[in-house]
Amino acid sequence: MTDKLKPLRQQIDEIDAQILELLSRRGRVAQEVGHVKAETNAPVFRPEREAQVLRGVADRNPGPLKNGDVQTIFREIMSACRALEKRVTVAYLGPAGTFSEEAVYKQFGSAIEGMPCASIDEVFRATEAGTADFGVVPVENSSEGAINRTLDLLLGTTTVISGEVSIPVHHSLMTRTGTMEGVTVVCAHSQALAQCQVWLNLHHPDIERRAVASNAEAARMASQDPSIAAIASEMAGEQYKLGVVEAHIQDDPHNRTRFVVIGKLHTNPSGRDHTSLVLAVPNKAGAVYDLLAPVAKHGVSMTRFESRPARIGTWEYYFYVDVEGHVQDANVARALEELKQNAAFFKVLGSYPVSL
Ligand SMILES: C=C(O[C@@H]1C=C(C(=O)O)C=C[C@H]1O)C(=O)O
């Protein structure tokens, strides 16, 4: 056995030496890129370029490693190379161990400074003030719909959307002991309680449900009190040394949350992009229909349409619309120009690469 392993491990050692040499070369080139950018005051983080690199490695991947795994490795390589230019600071809804933190790492890799914030409002504030270079905020969940606070803040922010990240959201029921003995209350963020309501009704109909600030906070509470069970990610459970009572209790097995990256950076076209806008129309018959006509006319696909009350006491709404393409694409530019003519309110939130 050992005789057979030895030469194979020698091969791996030789390959690792080559990988290390190549990584070092890549790092030195990234440093040069950093110097060129510094001369022209150009931004360090280029989401469109990173998206192209990640799509490229998936397209050219000869196997046997899976595309997603190769992309994870390259995500980290780019993160480490980027950190040689500058370590970007990213604000997100904390504490550590939330799905927002997972989204941050999926977008930026781990060579960053994470800045956990107490609320979505604070993420916007930190990014607007420049305390953070970027912010990552949840915008919609596949089972529960829009994250209204994010939509409301996007309306007035001076930041733009420079990226999107979508991650699978799996919830587990966890306690200190890994059993439900002595448990009188289940704590989680209100979204997570909603995403697990059918399962809870079926298995624990009589246990009190309590909404808390985040799932990670619920996990922290459960770690200190045996009468509390938390619904959170297993990552958060591990952080607080909880035992799993039941894994994957979310009602929809394909449950996902989409996040947007906010910042001051206007992203260039990557070849596969989305553009987000907010619109309002005068309150008259057929106005929404007329408003959206240019989208179809110019062959632009709409991928999302969401409404929010304008909160000015009348039945008026803001419409949050996502379309395929970049504001610099000719058909998108023409459609937006016409949309703007018919709109009482019009704001482009940003164009950015489609998430992996
Ligand atoms: C090296 C660059 O800077 C950053 C790092 C990248 C990389 O390591 O491939 C890609 C884009 C930038 O976010 C670059 O702009 O090319």
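Here the structure is a predicted model, which is why all the values come from computation and not from measurement.

Cut-offs and rules
Residues numbered from 1 in each chain as written. Predicted model: local features only at pLDDT ≥ 70, side-chain atom pairs only at ≥ 80, totals over all residues. Heavy atoms only, no water. Pairing = 2+ DSSP bridges. Helix = DSSP H or I, 4+ residues; strand = E, 2+ residues; numbered from the N terminus. Axes fitted to C-alpha atoms, helices over the stretch in contact; angles between N-to-C directions. Contact = heavy atoms within 4.5 Å. Expected span 1.5 Å × (residues − 1). Buried < 20%, exposed > 50% of the residue type's maximum accessible area, 1.4 Å probe, protein only. 1 Å grid on protein atoms, 1.4 Å probe; cavity = no way out; pocket = protein on both sides within 12 Å on 5 of 7 lines; lining within 4 Å. Points joined across faces, edges and corners; volume = space filled by probe spheres on them. Nonpolar A, V, L, I, M, F, W, Y, C, P; charged D, E, K, R; others polar. Domains from an automatic or database assignment. Near = heavy atom within 4 Å. Polar contact = N/O pair within 3.5 Å; in protein donor to acceptor, adjacent residues only side chain to side chain. Areas by Shrake-Rupley, 256 points an atom, 1.4 Å probe, with all protein chains shown as cover. Salt bridge = Lys/Arg side-chain N within 4 Å of Asp/Glu carboxyl O.

Caption draft 1: The arrangement of the sheet that holds strand 6 (residues 172-175) in detail. Pairing within the open sheet is mixed, and its five strands lie in the order 8-7-9-6-10. In this open sheet, the two strands that pair with only one neighbour each are strand 8 (208-211) and strand 10 (243-246). Adjacent strand axes in the sheet meet at a mean angle of 35° when their direction is disregarded. Alignment of strand 6 against strand 10, held across three bridges, turns out to be antiparallel. Its bridge partner being in strand 10, Thr175 is matched across the sheet by Gly243. Set on the sheet, helix 9 (residues 215-224) makes contact with strand 6, strand 7 (185-188) and strand 9 (228-232); between it and strand 9 the angle comes to about 150°.

Caption draft 2: Quick peek at helix 3 (residues 67-85). Helix length check: helix 3 (19 residues) gives 27 Å between terminal C-alpha atoms against 27 Å at 1.5 Å per residue, within 8%. Among all positions in helix 3, only Val70, Gln71, Arg75, Ile77, Met78, Ser79, Cys81 and Arg82 are buried.

Caption draft 3: Seen up close, the layout of surface pockets. Estimates place the volume of the largest pocket at around 470 Å³. In terms of lining, the largest pocket is formed by 26 residues, of which the most central are Leu93, Ser100, Pro138, His189 and Gln191. Among the secondary structure elements, those contributing two or more residues to the lining of the largest pocket are helix 4 (99-108), strand 3 (134-141), helix 7 (190-195), helix 9 and strand 11 (256-263). In terms of residue count, the dominant contributor to the lining of the largest pocket is helix 7 (three residues). In terms of residue class, the lining of the largest pocket is made up of 13 nonpolar, 13 polar and no charged. Formed jointly, the lining of the largest pocket draws a minimum of three residues from each of two domains, domain 2 (89-169 + 256-263) and domain 3 (172-246).

Caption draft 4: Molecular detail of the site of the ligand. Taken together, Arg26, Val33, Lys37, Val44, Phe45, Arg46, Arg49, Glu50, Met78, Cys81 and Glu85 make up the full set of residues near the ligand. Between Arg26 and the ligand, the recorded distance is 2.8 Å, taken from a side-chain N or O atom to an oxygen atom. Contact between the ligand and Glu50: an oxygen atom at 2.6 Å from a side-chain N or O atom of the residue. In isolation the ligand offers 360 Å² of accessible surface; the protein chains occlude 89% of this area. Looking at the shell around the ligand, the elements that each hand over two or more residues are helix 1 (2-40), helix 2 (47-60) and helix 3. In terms of residue class, the shell around the ligand is built from five nonpolar, no polar and six charged.

Caption draft 5: Main features of empty space enclosed by the protein. Scanning all chains against the criterion turns up two cavities of 30 Å³ or more. In this structure, the largest cavity occupies an estimated 150 Å³ of space. Lining the largest cavity are 15 residues, with Ala51, Arg75, Gln107, Glu164 and Leu356 positioned closest to its centre. Elements supplying a minimum of two residues to the lining of the largest cavity: helix 2, helix 4 and strand 5 (160-168). Counted by class, the lining of the largest cavity contains eight nonpolar, three polar and four charged residues. Mapped onto the domain boundaries, the lining of the largest cavity takes at least three residues apiece from domain 1 (2-85) and domain 2 (89-169 + 256-263).

Caption draft 6: Representation of the pattern of salt bridges. If you walk through the whole model with that rule in mind, you get 16 salt bridges. A salt bridge links Arg210 to Glu208; its shortest N-O distance comes to 3.3 Å. The shortest N-O distance in the salt bridge between Arg220 and Glu217 comes to 2.9 Å. In this pair, Arg220 and Glu217 both sit in helix 9, three residues apart, roughly one turn of the helix. What makes Arg220 partly exposed here is its relative accessible area of 28%. Salt bridges here are not isolated pairs; linked through shared partners, they connect Glu140, Glu164, Arg258, Arg304, Glu306 and Asp322.

Caption draft 7: Region of interest: the environment of Pro7. Tracing the backbone through its elements, the reader meets Pro7 in helix 1. Classification of Pro7 by relative accessible area gives partly exposed; the value is 39%. For Pro7 and His326, which are 319 residues apart along the polypeptide, the C-alpha to C-alpha distance reads 52 Å.

Caption draft 8: Local environment of unusual backbone geometry. At the junction of Gly63 and Pro64, the peptide bond is cis and its omega measures out at 0° in the coordinates. Its location among the elements puts Pro64 in the loop between helix 2 and helix 3. In this structure, Asn41 takes a positive phi of about 60° despite not being glycine. For Asn41, the location among the structural elements is in the loop between helix 1 and helix 2. Overall, the relative accessible area of 73% leaves Asn41 in the exposed class. Within the chain, His248 stands out as a residue other than glycine whose phi angle is a positive 50°. Within the element layout of this structure, His248 appears in the loop between strand 10 and strand 11. For His248, a relative accessible area of 47% translates into the label partly exposed.

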